[in-house]
Amino acid sequence: MKKKGWKELPEGGIIKNVPTSQELKTGSWRTQKPVWDPNKCTNCFLCWLYCPDSAIILREVNGEPKVSGINYDYCKGCGICAEVCPPKVKAIHMEKEEL
Ligand code: SF4
Ligand code: SF4
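Throughout this document, residue positions are counted from 1 along each chain, in the order its sequence is written. Chains carry letters and ligands carry numbers; both start at the beginning, A for chains and 1 for ligands, and go up in the order they are written. Totals for whole chains, interfaces and linings use all residues, but because this is a predicted model, local features are given only for residues with pLDDT of at least 70 and pairs of side-chain atoms are given and counted only at 80 or more. The basis for every side-chain value is the complete set of heavy atoms in the structure, and neither hydrogens nor water enter the calculation.

**Here's the deal with the site of ligand 1**
Ligand 1 sits among 14 residues. The nearest are Cys 51, Cys 75, Cys 78, Gly 79 and Cys 81. Under the scheme applied here, ten amino acids are nonpolar (Ala, Val, Leu, Ile, Met, Phe, Trp, Tyr, Cys and Pro), four are charged (Asp, Glu, Lys and Arg), and all others, including Gly, are polar. Of the residues in the shell around ligand 1, the class split is ten nonpolar, two polar and two charged. Being near a molecule or strand, for a residue, comes down to having at least one heavy atom within 4 Å of it.

**A short note on the site of ligand 2**
Near ligand 2 you find 14 residues, and of these Cys 41, Cys 44, Phe 45, Cys 47 and Cys 85 are the closest. Partitioning the shell around ligand 2 into residue classes produces twelve nonpolar, two polar and no charged.

**Here we look at the pairing of strand β3 (residues 64-70)**
We call two strands paired when DSSP finds no fewer than two bridges between them. Secondary structure elements are defined from DSSP: runs of H or I of at least 4 residues count as helices, runs of E of at least 2 residues count as strands, and each element is numbered from the N terminus. Alignment of strand β2 (residues 56-61) against β3, held across six bridges, turns out to be antiparallel. When the sheet's bridge partners are listed, Ile 56 is paired in β3 with Ile 70. Between β2 and β3, which pair antiparallel and follow one another directly, the connecting turn spans two residues, one of which, Asn 62, has a positive phi of 50°.

**Focus: the packing of aromatic side chains**
A pair of Phe, Tyr and Trp rings is counted when the ring centres sit within 6.5 Å of each other, with Trp represented by its six-membered ring. The angle between the planes then sorts it: under 30 degrees is stacked, over 60 is edge-to-face, the rest tilted. Under the definition given, this model contains one aromatic pair. Centre to centre, the rings of Phe 45 and Trp 48 are 6.5 Å apart; their planes meet at 70°, and the pair counts as edge-to-face. Exposed residues in this analysis have more than 50% of their type's maximum accessible area, buried residues have under 20%, and partly exposed residues fall in between, with area computed by a 1.4 Å probe over protein chains only. Exposure remark for Phe 45: the relative accessible area of 23% places this residue in the partly exposed category. Residue Trp 48 is classed as partly exposed on the basis of its relative accessible area, which comes to 43%. Here the basic side chain of Lys 33 rests over the ring of Tyr 72, its NZ or CZ set 4.8 Å away from the ring centre. Only lysine NZ and arginine CZ atoms are considered, and such an atom sits over a ring when it is within 6 Å of the ring centre and within 35 degrees of the ring normal.

Below, the structure is given as structure tokens:
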């Protein structure tokens, strides 16, 4: 029997309509919730840099990026943002999630 060439082989191993993490809202996993205080925030972006779920929201204000809040649709409440926020600033603290 003659072997098929690669052009005659059926397509395989193709995952169509791959779901992205944007469709997987992980906010319901939280037991604790980060609360951000805009009056204390110095916009050092450490929370944005370390957040594993890209849940720290940045907005452009006068051409400069600024932290503008937390996206609770995706925030899993890991607390990393509160940990990395500089101790002298402490613009994020964790609270118990109310369901
Ligand atoms: S608690 Fe975790 S997931 Fe939520 S914003 Fe902070 S670092 Fe991101
Ligand atoms: S780590 Fe703290 S001070 Fe820095 S941007 Fe985030 S909330 Fe603001």
